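Given next are the chains, with one letter for each unit.
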Amino acid sequence: MSDYEEMGFAKLDTEREKRTGFPEVVFCEGKPDEYLIEIYKKLYDQDKRVFGTRASKHQYEIIKKVLPEAQYDEVSRILKVVPKVESKTGSDNEGDSLTQQDAHYIVVCTGGTADIPVAEEAAQTAEYFGARVERVYDVGVSGIHRVLSKEDVLRGADCVIAVAGMEGALASVIGGLVSNPVIAVPTSVGYGASFGGMSALLTMINSCANGITVVNIDNGYGAGYVATQINRLARGKENR
């Protein structure tokens, strides 16, 4: 028996969650409407939930016609279908009570407000997979006192996702403050000499701070996925 479903235009990895602990996620961008509809329907029929990244508002509208429970976030461009009753897995604002010593959570930071779309992709990915998330936005190095004021929150997390464009220095600063892993996400935010995120990417890769892992430019999803793996290990659990 095959461990995937053949659709001609796609081979849905129906056994992925059993192998890896995470179900297949749909990269929506560039998919023809009819393909996307069929993929969402198949995945929903199997698991009663679907998670997609880089979706457009048009794609949300066509999916909602066939799956009325579909939800779309225009900031992160996440298009998901989840049960109507869903337990809260993360915080929506800074300052929520997620910093107790016995709490396990992920912190998502941004250098600036313009980095929030990538950060929200990371945060909502982690939340979808069952992690608790604390958001600390707009704490870039041009006003370093802002990130220093959140040091306790950063130190208490299982890992920190640092999302930044421009020169990408935020990850290095955080890496020098905390003992937990830091996942650096370079963004394509910045002026011409940032080369669409290459400047931030190179800064993060060449950081002298220890414990920093770097994902691809604008890859919030990848950061949220890895952060969830770290969070699960810290909790001593493999399941959601």
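The coordinates are above.
Just so it is clear, the model here is predicted, and its values are computed rather than measured.

Q: What is the right way to read the sheet that holds strand β5 (residues 70-73) from this model?
A: What holds strands together in a sheet is hydrogen bonding between their backbones, with the strands either parallel or antiparallel. Spatial ordering of the open sheet is given by β3-β4-β6-β5, a layout of four strands whose pairing is mixed. Strand pairing shows two members of the sheet lacking a second neighbour, β3 (26-27) and β5, which therefore form its edges. Two strands pair when backbone bridges link them, and β3 and strand β4 (residues 50-53) are joined in this way by two bridges, in the parallel orientation. When the sheet's bridge partners are listed, Phe 27 is paired in β4 with Thr 53. Together, β4, β5 and β6 (78-81) form the strand contacts of helix α4 (residues 116-128), whose direction differs from that of β4 by roughly 165°.

Q: Which parts of the structure should I look at to understand the nonpolar core?
A: The tendency in soluble globular proteins is for nonpolar side chains to be buried side by side. In terms of nonpolar packing, the biggest core is built from 23 residues, with Val 107, Cys 109, Leu 154, Val 160, Leu 170 and Ile 174 touching the most fellow members. When residues no more than four places from it in sequence are discounted, the contact partners of Val 107 are Glu 134, Val 136, Val 153, Leu 154, Ala 157, Cys 159, Val 160 and Ile 161. Judged by nonpolar contacts, the second largest core, of 21 residues, contains Ala 10, Leu 12, Leu 36 and Leu 79.

Q: In this structure, what is going on with unusual backbone geometry? I would like to understand it.
A: Glycine aside, negative phi is the norm for most residues, and most peptide bonds take the trans geometry. A positive phi angle, close to 60°, is found at Lys 48, a residue other than glycine. By the element assignment, Lys 48 lies in the loop between α2 (33-47) and β4. The exposure class of Lys 48 is partly exposed, given its relative accessible area of 45%. Of note in this structure, Phe 195 is not a glycine but carries a positive phi near 50°. Of note, Phe 195 is situated in the loop between β10 (182-186) and α8 (198-205).

Conventions adopted
Residues numbered from 1 in each chain as written. Predicted model: local features only at pLDDT ≥ 70, side-chain atom pairs only at ≥ 80, totals over all residues. Heavy atoms only, no water. Pairing = 2+ DSSP bridges. Helix = DSSP H or I, 4+ residues; strand = E, 2+ residues; numbered from the N terminus. Contact = heavy atoms within 4.5 Å. Axes fitted to C-alpha atoms, helices over the stretch in contact; angles between N-to-C directions. Core = buried A, V, L, I, M, F, W, Y, C linked by side-chain atoms within 4.5 Å. Buried < 20%, exposed > 50% of the residue type's maximum accessible area, 1.4 Å probe, protein only.

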